Amino acid sequence: MTKRKLKNHLTDRNFNTKSIVNGSFIGVLIALTPIFFYSYVYVPESKVWETFLFTYDSGYYDDASTSVWMILTKTTPLILLFIWFFTCRHWWYHAVLVPISMYIYQLIGTVNADTQFFDNFDLLYIVPVMAVIIPSIYLIRARMFDKIHTADKTLQELEEEFMLKPTSLLGKVRQYF
């Protein structure tokens, strides 16, 4: 009996350690987003930015600083939305895919800025994502509503029942693809 308790204690301890490390990494990543966002300040205001690692041509934009600023205004919220999506424990977390798809589309438009009027029809490209996400969220909500009125479960118990819990980040990614 004591060996079983010891094994469970060690397993719980490893799980807690892993959870603390993952949580700390995510917390530090979120705390560093302002530094990441404002890093465009260190990019020179010239058309071509040359470093010992690479040479960056701003292309459509007047200078590299503006180009990097445009890219960072899309990637910073995108990173935060991905963190929210992969760490959210609520049944409606699929709704976060809609703003994620919007920022991905805008980032593609920013990188490929030579196309004029790129943002004018962005809703047309996001509609298919919304056409899948919104009905699925509504169906999950309807199932929860039916179970609330036919069973004696609380809303918290129903959220836990509908919540998918993959074991790792890779498991969560595999859940969607």
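In this report, the structure presented in the accompanying data block is examined.

Parameters and conventions
Throughout this document, residue positions are counted from 1 along each chain, in the order its sequence is written. Two thresholds apply to this predicted model, a pLDDT of at least 70 for residue-level local features and 80 or more for giving and counting side-chain atom pairs, whereas whole-chain, interface and lining totals are computed over all residues. Heavy atoms from the whole structure form the basis of all side-chain values; hydrogens and water molecules are not counted. In this text, helices come from DSSP runs of H or I with a minimum length of four residues, and strands from runs of E with a minimum of two, each type numbered from the N-terminal end. To sort residues, take the accessible area from a 1.4 Å probe on protein chains only and compare it with the maximum for the residue type: under 20% means buried, over 50% means exposed, and anything in between is partly exposed. Here a residue-residue contact requires only that any non-hydrogen atoms of the pair lie within 4.5 Å. Only residues whose relative accessible area exceeds 30% and that form no salt bridge are eligible for patches; like-charged ones are grouped when within 9 Å, while nonpolar side chains (Val, Leu, Ile, Met, Phe, Trp, Tyr) are grouped when within 5 Å. Computed with the Shrake-Rupley method and a 1.4 Å probe, the accessible areas treat only the protein chains shown as cover for residues. Here, a salt bridge means any Lys or Arg side-chain nitrogen found within 4 Å of an Asp or Glu carboxyl oxygen. Here the positive residues are Lys and Arg and the negative ones are Asp and Glu; neither His nor the chain ends is included. Aromatic pairs are defined between Phe, Tyr and Trp rings, using the six-membered ring for Trp, whenever the two ring centres lie within 6.5 Å; interplanar angles under 30 degrees are classed as stacked, those over 60 as edge-to-face, and all others as tilted. Expected helix span is taken as 1.5 Å per residue step, with the number of steps being one fewer than the number of residues. Polar contacts, as used here, are pairs of N or O atoms within 3.5 Å; protein pairs need one atom able to donate a hydrogen and one able to accept it. Residues neighboring in sequence count only if both atoms are side-chain atoms. The set of buried Ala, Val, Leu, Ile, Met, Phe, Trp, Tyr and Cys residues whose side-chain atoms join them within 4.5 Å is what this entry labels a nonpolar core.

**Considering the environment of leucine 29**
Its location among the elements puts leucine 29 in helix 1 (residues 2-31). Judged by relative accessible area, which is 32%, leucine 29 ranks as partly exposed. Linking leucine 29 and isoleucine 83, residues 54 residues apart in sequence, is a C-alpha distance of 9.2 Å. Setting aside residues no more than four positions away along its own chain, leucine 29 makes contact with Ile79 and Ile83.

**A look at a nonpolar patch on the surface**
A contiguous nonpolar patch, built from Val28, Leu32 and Ile35 and spanning about 280 Å² of accessible area, is present on the exposed surface. Mapped onto the elements of the fold, leucine 32 is located in the loop between helix 1 and helix 2 (33-37). Look at leucine 32 and you get partly exposed, because its relative accessible area is 43%.

**What about the side chain of aspartate 63?**
If you trace the backbone, aspartate 63 turns up in the loop between strand 2 (55-57) and helix 3 (64-87). One buried charge, aspartate 63, has no salt-bridge partner; the nearest side chain with opposite charge is lysine 47, at 8.7 Å.

**Side note on the packing of aromatic side chains**
Evaluated as defined, the whole model comprises ten aromatic pairs. Arranged with centres 5.2 Å apart and planes meeting at 85°, the rings of tryptophan 49 and phenylalanine 54 form a pair that is edge-to-face. What makes phenylalanine 54 partly exposed here is its relative accessible area of 37%. Plain terms: the ring middles of phenylalanine 82 and phenylalanine 86 are 6.2 Å apart, the flat faces sit at 15° to each other, and that makes the pair stacked. In this pair, phenylalanine 82 and phenylalanine 86 both sit in helix 3, four residues apart, roughly one turn of the helix. One aromatic cluster in this structure is built from Phe37, Tyr38, Tyr40 and Trp69.

**Digging into helix 3**
Over its 24 residues, helix 3 extends 34 Å from the first C-alpha to the last, a length consistent with the 34 Å expected when each residue adds 1.5 Å. Capping the start of helix 3 is the job of one residue whose side-chain oxygen sits 3.4 Å from the backbone nitrogen of serine 65: aspartate 63.

**Points about the nonpolar core**
Within the largest apolar cluster, eight residues are counted, these being Leu78, Leu81, Phe85, Cys88, Tyr93, Val96, Ile100 and Leu107. Counting residues per element, this core draws most heavily on helix 3, which supplies three residues. Those residues in contact with leucine 81 that lie beyond four places of it in its chain are Val96, Pro99, Ile100 and Tyr103. In terms of nonpolar packing, the next biggest core, distinct from the first, is built from six residues, Trp91, Val98, Ile126 and Met144 among them.

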